[in-house]
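This is what each chain is made of:
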Amino acid sequence: MLQENLFYLFLILAGLAVAVFIYVGLSTRRPRTLEYAAVNHLRKRLFLWFTGILVLFLALTLPLMPYPNAEQRPDRVIHVDAKQFAFLISANPITPDEASGEEPVDQPTLNTGELIEFRVTSLDVTHGFGIYDADGNLLAQTQAMPGYVNRLRYRFTQPGTYSVLCMEFCGMAHQVMRGSLKVVAADTNKAKP
Amino acid sequence: MNPTNLSALTNAKPPSAALRRLTLAWFAIMFLLFPILVLLGLVMRAGQSNWLHKLSPEYFYAVMTLHGLGMVGLWFVAAMAVLSYVLKRYVSVSLWASRLAMALTVLGVGLLIACTLVGKFGAGWYFLYPLPLHPGGAWPAWSIGAFFAAIGVLGVGWLVWVLDLMRAVSRRYSLTASLGWHYLRGRTEPEVPPVVIITTVTLIAMVAALISAVIVLVLFLMEWLKPGFTNDALLMKNLTFFFGHLLVNLTLYLGVAVLYELMPAYCGRPWKTTRYVALAWNAVLLLVILAFMHHLYMDFVQLHAFQVIGQISSYLTSVPAAVVTILGLLALVYGAKVRWTLASLLLFLGVVGWVIGGIGAVIDSTIVANLRYHNTLWVPAHFHTYYLMGVVLMLMGAVFHVCQELAPMPENPGRTRLTIVLLCLGGYGFLMTFYYAGAHSVPRRYSSYPELLSKGVTAAQVSTFFIVLFLAGLVLYLWETGKRWRKAWLLP
Amino acid sequence: MAAALWLVVAGGMVRAQPAPVAPDLLRPPDENRYVDRAVPDVLLLRPAEPSVRLSNLWDQRPVLFTFVFTRCAGICSPLLHSLKAATAKVGGAGTDYQVVVASFDARDGPATMAAMAHDLGLEKAPGWTFAALSTEDVQRLAPTIGFWYRWDETSQQFDHPAMVVAMDHGRTARLLVGGEVSPVRLQEVMDQLHGKLVSIYPLPGKVAFRCFEYNADGRLRLHWGILLMLLPSLAAGALTVLIFQRRGRRD
């Protein structure tokens with residue numbers, strides 16, 4: 001998973017930093033004069049290398065931004081209204097009656113392989129829409145803000161039941177606010193509404 | 001007087017009794033509030049460990065709000081207090097603004113304690129719109145008013161203090177001199193020490209941050225009091241993170257300013273302003289104002305241009321830090337005959353924390369990574385690293401330095417080592433549980449964890465052990481620093 | 001002759017059966033309910049041209065579809081005039097999209113639709129198709145787009161909502177409900193149909209200050225909110241300059 005790999009990267013880099021500081025700290029046991037010219041030279045090299053690596057990572061990572069691409073068309077649109085303290089998930093835009101709880105919301109079944117566009121908004125405060133797999137890994141998320149619709153596009157590759165957790169602190173039941181998404185393998189659910 | 005003459009550093013003019021007492025009073029506030037706020041953090045982690053069944057979610061979130069705002073506010077005022085003291089070498093610091101800030105800080109903290117611990121106000125330290133106005137049954141209307149009053153009181157006091165400190169700098173240096181622009185042109189006269197340049201840059205940005213907080217507060221009040229007035233959630237979020245991001249990063253820079261000023265004497269080497277220092281810190285002024293956009297990556301409705309600017313400026317902010325300050329510190333220390341005391345050790349170690357927190361931050365400021373890390377425990381992981389093992393250690397070192405300077409006492413190297421070991425082991429152990437949990441997708445700001453996130457519970461349980469270690473180190477630190485504080489307080 | 005007339009009228013009345021009404025009975029459809037619905041592929045009976053399937057059109061370019069009837073004394077004419085004006089302002093009819101004006105009235109056929117096109121001055125307009133549909137096709141198509149029609153005895157007219165449906169590749173993309181089609185909203189629909197994504201996607205509602213508003217010509221317009229974002233930095237700069245200008249002499 002990406003987040004675990006980045007954790008290892010973090011540990012490696014942090015370890016390197018600590019090693020450098022330990023080395024420099026221990027160097028004070030053998031005092032010597034400092035060559036300012038050498039420091040300036042090192043600074044120039046460090047600047048070029050450091051900035052170069054940053055620019056490289058900018059070039060590699062910016063194209064991977066998860067925002068909807070104009071060229072891509074989603075296969076399915078799912079509407080999500082978050083509120084204190086539940087997620088209303090439907091294949092159709094959610095009516096005021098459904099929002100107030102007077103009518104139940106139809107829970108759609110999704111297919112693997114489909115590019116799904118989640119249109120996420122909030123009926124009250126800012127929430128977060130986070131999709132988790134059964135092992136507790138966060139797959140994707142977006143904010144649920146009142147007055148705005150965030151469009152998150154995601155393609156499920158594995159069937160199963162996915163949990164939706166709230167990713168933005170929203171009040172006293174924030175930690176128990178849950179939704180779920182049922183995903184089936186593409187063959188079993190051919191009919192579209 | 002040549003400010004960077006080393007003998008002048010050790011023979012610096014002693015402060016007036018009034019400045020001394022005022023500074024020591026600020027330190028007393030820090031000594032009192034810091035352990036309490038750490039204990040509040042311990043309560044939170046213990047709650048998440050499933051050990052405090054009596055702690056309701058409402059109280060958890062109220063404690064979270066007090067802990068967050070308390071820590072952010074505490075280290076801001078501590079940094080300002082230390083910096084004001086240290087700057088007296090170069091500029092005439094007035095006392096009335098500091099006294100006003102102290103009075104308003106105490107009042108604000110009182111209001112904060114009332115609305116959180118009594119009123120159960122729990123909207124989080126940066127009170128994201130529109131949550132304060134939608135308690136969902138958790139807190140009463142009076143606590144909302146008390147919270148806004150606290151923010152207003154703190155904001156006013158701190159803004160006045162910041163403006164007055166800027167005024168003090170302006171009495172001695174012109175604007176272009178205090179920003180070091182002549183160094184960019186290759187001139188070294190007038191000599192402006194790094195602490196002045198960093199202070200100027202930081203204070204300018206701090207004024208922007210506090211004004212942004214005032215705007216947020218006014219808009220909140222208009223919606224609260226005027227029926228039919230609704231704010232735009234995206235605008236409020238941008239304003240909120242503008243002030244929040246700036247406030248915490250600038251507090252870190254205030255600590256770094258103190259580092260530039262204090263560390264050279266311990267190393268027996270100067271740390272002067274050069275073209276690089278001036279260039280780096282002027283770049284920081286621009287970059288820190290843009291980088292706040294990295295808090296809105298998961299708001300897909302934000303303009304893409306802003307998202308890209310957010311990532312670029314977040315990445316680039318690390319360049320002046322790494323290439324000038326951190327390399328500068330390492331060069332200052334490398335092979336130097338360093339007088340390692342509690343003060344210099346803490347200052348040095350604080351920079352390590354800044355670097356490690358920075359690594360976690362740059363990773364999270366990558367948009368594609370943020371999709372997985374945003375609002376998980378990775379976020380508290382990196383900002384607690386910046387604070388607890390970064391600016392907090394730096395300021396603890398600086399406070400000890402000031403107390404030791406005022407009331408010298410011999411140091412016990414064994415106790416110093418033990419203090420450092422406990423603080424670092426406790427601190428980094430605590431932080432690692434956050435990073436681990438964040439890397440395993442455990443969300444932040446959950447008063448308890450469901451079965452799906454059982455790793456969060458384990459991480460919380462382990463973290464409590466490390467917090468206790470840290471507290472033990474803190475007690476030792478307070479004992480050592482407190483002895484000197486008391487002696488300094490009793491001076492005529 | 002009177003008997004024949006009577007037969008025609010009676011026949012007309014008999015054939016003009018009430019449509020299967022949508023769940024929102026006798027109300028204009030909620031634009032949001034009919035997004036992304038599959039549209040049946042109906043046969044368009046065109047004047048002076050062979051009949052063509054709707055899919056032949058929407059496969060080439062997006063379709064703006066509207067239901068009217070030629071004997072309409074009410075909303076149809078203003079709707080069509082407004083649609084004509086809006087498409088002229090936005091441009092691109094025939095190249096970026098096409099317009100299909102179809103009748104739901106069984107009394108209409110290709111000839112009456114041709115006459116309607118002539119009256120509007122659109123019979124040779126590029127991208128405009130006037131057509132009739134079979135009753136079965138009308139009854140298949142109407143529910144999917146939220147359209148209904150009901151015969152009103154008193155006025156001897158059909159009661160029906162005024163609406164234009166944007167269709168793309170067999171699915172509804174947007175509904176524009178109302179007798180007047182504004183160029184702004186038409187431009188929004190066009191942008192959406194062409195996959196142009198504007199990241200700002202605010203819900204309609206009155207808020208005090210926004211940063212940006214999406215404007216008809218596809219550009220974002222600055223709003224007062226952006227000033228509030230810039231104000232802190234500008235004020236900080238101004239205060240700094242002010243403070244440093246008033247400084248005393250250096251000591």
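Residues numbered from 1 in each chain as written. Chains lettered and ligands numbered in written order. Predicted model: local features only at pLDDT ≥ 70, side-chain atom pairs only at ≥ 80, totals over all residues.

## Let's talk about the overall build of chain C
- For chain C, the count of helices and strands is 7 helices and 11 strands.
- A sequence separation of at least 24 residues applies to 67% of the contacts in chain C between residues at least 6 apart. (Helix = DSSP H or I, 4+ residues; strand = E, 2+ residues; numbered from the N terminus. Contact = placed C-beta atoms within 7 Å.)

## What about the interface of chain B and chain A?
- In this complex, chain B contributes 69 residues to the contact, which on the side of chain A involves 64 residues.
- Listing elements by their share of the side of chain B that touches chain A, those giving two or more residues are helix 3 (57–87), helix 9 (233–267), helix 11 (304–333), helix 12 (342–364), helix 13 (367–373) and helix 15 (413–439) of chain B.
- When grouped by side-chain class, the residues that make up the side of chain B that touches chain A number 44 nonpolar, 17 polar and 8 charged. (Nonpolar A, V, L, I, M, F, W, Y, C, P; charged D, E, K, R; others polar.)

## Some words on the nonpolar core
- Among the nonpolar cores identified, the biggest contains 250 residues, and Val-82, Ala-205 and Leu-395 of chain B are the most heavily contacted of them.
- Ranked by residues supplied to this core, first place goes to helix 9 of chain B with 24 residues.
- Excluding residues that lie within four positions of it along the chain, Leu-395 of chain B makes contacts with Trp-75, Ala-78, Ala-79, Val-82 and Gly-255 of chain B.
- Judged by nonpolar contacts, the second largest core, of 57 residues, contains Ala-86, Leu-122, Ala-162 and Val-189 of chain C. (Core = buried A, V, L, I, M, F, W, Y, C linked by C-beta atoms within 7 Å. Buried ≥ 20, exposed ≤ 12 C-beta atoms within 10 Å, placed from the backbone.)

## What about the sheet that holds strand 6 (residues 138–144) of chain A?
Residues and elements named next belong to chain A.
- Here we have 5 strands laid out as an open sheet, ordered 3-9-8-5-6, and mixed in their pairing. At either end of the open sheet lies a strand with only one pairing partner, and these are strand 3 (109–111) and strand 6. Going from strand to strand, the sheet's axes swing by 30° on average, the running direction of each strand aside. (Pairing = 2+ DSSP bridges. Axes fitted to C-alpha atoms, helices over the stretch in contact; angles between N-to-C directions.)

## Observations concerning the confidence of the model for chain B
- Across chain B, pLDDT averages 94, with 97% of residues at or above 70.
- Throughout residues 1–11 of chain B the model reports pLDDT below 50, and contacts reaching past four residues in sequence, or to other chains, amount to 15 contacts. (pLDDT = per-residue confidence, 0-100.)

## As for the environment of Gly-121 of chain C
Residues and elements named next belong to chain C.
- Its place among the elements puts Gly-121 in the loop between helix 4 (110–120) and strand 5 (128–132).
- Looking at Gly-121, the number of C-beta atoms within 10 Å reads 9, which means it is exposed.
- The spatial distance from the C-alpha of Gly-121 to the C-alpha of Ala-106 is 24 Å, given a sequence separation of 15 residues.

## Quick word on the packing of helix 2 (residues 36–61) of chain A against helix 11 of chain B
- Put simply, helix 2 of chain A and helix 11 of chain B touch, their axes get as near as 10 Å, and they point 160° apart. When the axis of helix 2 of chain A is compared with that of helix 11 of chain B, the two are roughly antiparallel. Taken as a pair, helix 2 of chain A and helix 11 of chain B cross one another with a handedness that is right-handed. In this structure, helix 2 of chain A contributes Val-39, Arg-43, Leu-46, Phe-47, Phe-50, Thr-51, Leu-54 and Leu-58 of chain A to the contact, and helix 11 of chain B contributes Gln-311, Ile-312, Tyr-315, Leu-316, Val-319, Ala-322, Val-323, Leu-327 and Ala-331 of chain B.
- Along the lines of polarity and charge, the residues of the contact of helix 2 of chain A with helix 11 of chain B split into 14 nonpolar, 2 polar and 1 charged. (Parallel < 35°, antiparallel > 145°, perpendicular 65-115°, else oblique. Left-handed = near helix turned anticlockwise from the far one by under 90°.)

## Observations regarding unusual backbone geometry
- Here Gln-84 of chain A and Phe-85 of chain A are connected by a cis peptide whose omega angle stands at 5°.
- Here Phe-85 of chain A is to be found in the loop between strand 1 (76–83) and strand 2 (86–90).
- Cis geometry marks the peptide bond from Glu-189 of chain B to Pro-190 of chain B; its omega dihedral reads -5°.
- In this structure, Pro-190 of chain B sits in the loop between helix 7 (181–184) and helix 8 (194–225).
- Even without glycine at this site, Ala-48 of chain C takes up a positive phi of about 65°.
- Its place among the elements puts Ala-48 of chain C in the loop between strand 1 (43–44) and strand 2 (52–53).
- Accessibility expressed as a C-beta count within 10 Å gives 9 for Ala-48 of chain C, which makes it exposed.
- Residues other than glycine seldom take positive phi values, yet Gln-156 of chain C does so here, at roughly 55°.

## Quick look at the pairing of strand 3 (residues 63–68) of chain C
All names here are of chain C.
- In terms of residue burial, strand 3 counts as a mostly covered element, since 6 of its 6 residues are buried.
- Alternating positions in strand 3 separate into two faces, Val-63, Phe-65 and Phe-67 on one and Leu-64, Thr-66 and Val-68 on the other, with burial throughout.
- Pairing of strand 3 with strand 4 (residues 98–103) involves 6 bridges; the strand directions are parallel. Its bridge partner lying in strand 4, Thr-66 is registered against Val-101.
- Bridge count for strand 3 against strand 8 (residues 163–168) is 4 bridges, and the pairing is antiparallel. Bridge assignment links Thr-66 to a residue of strand 8, and that residue is Val-164.

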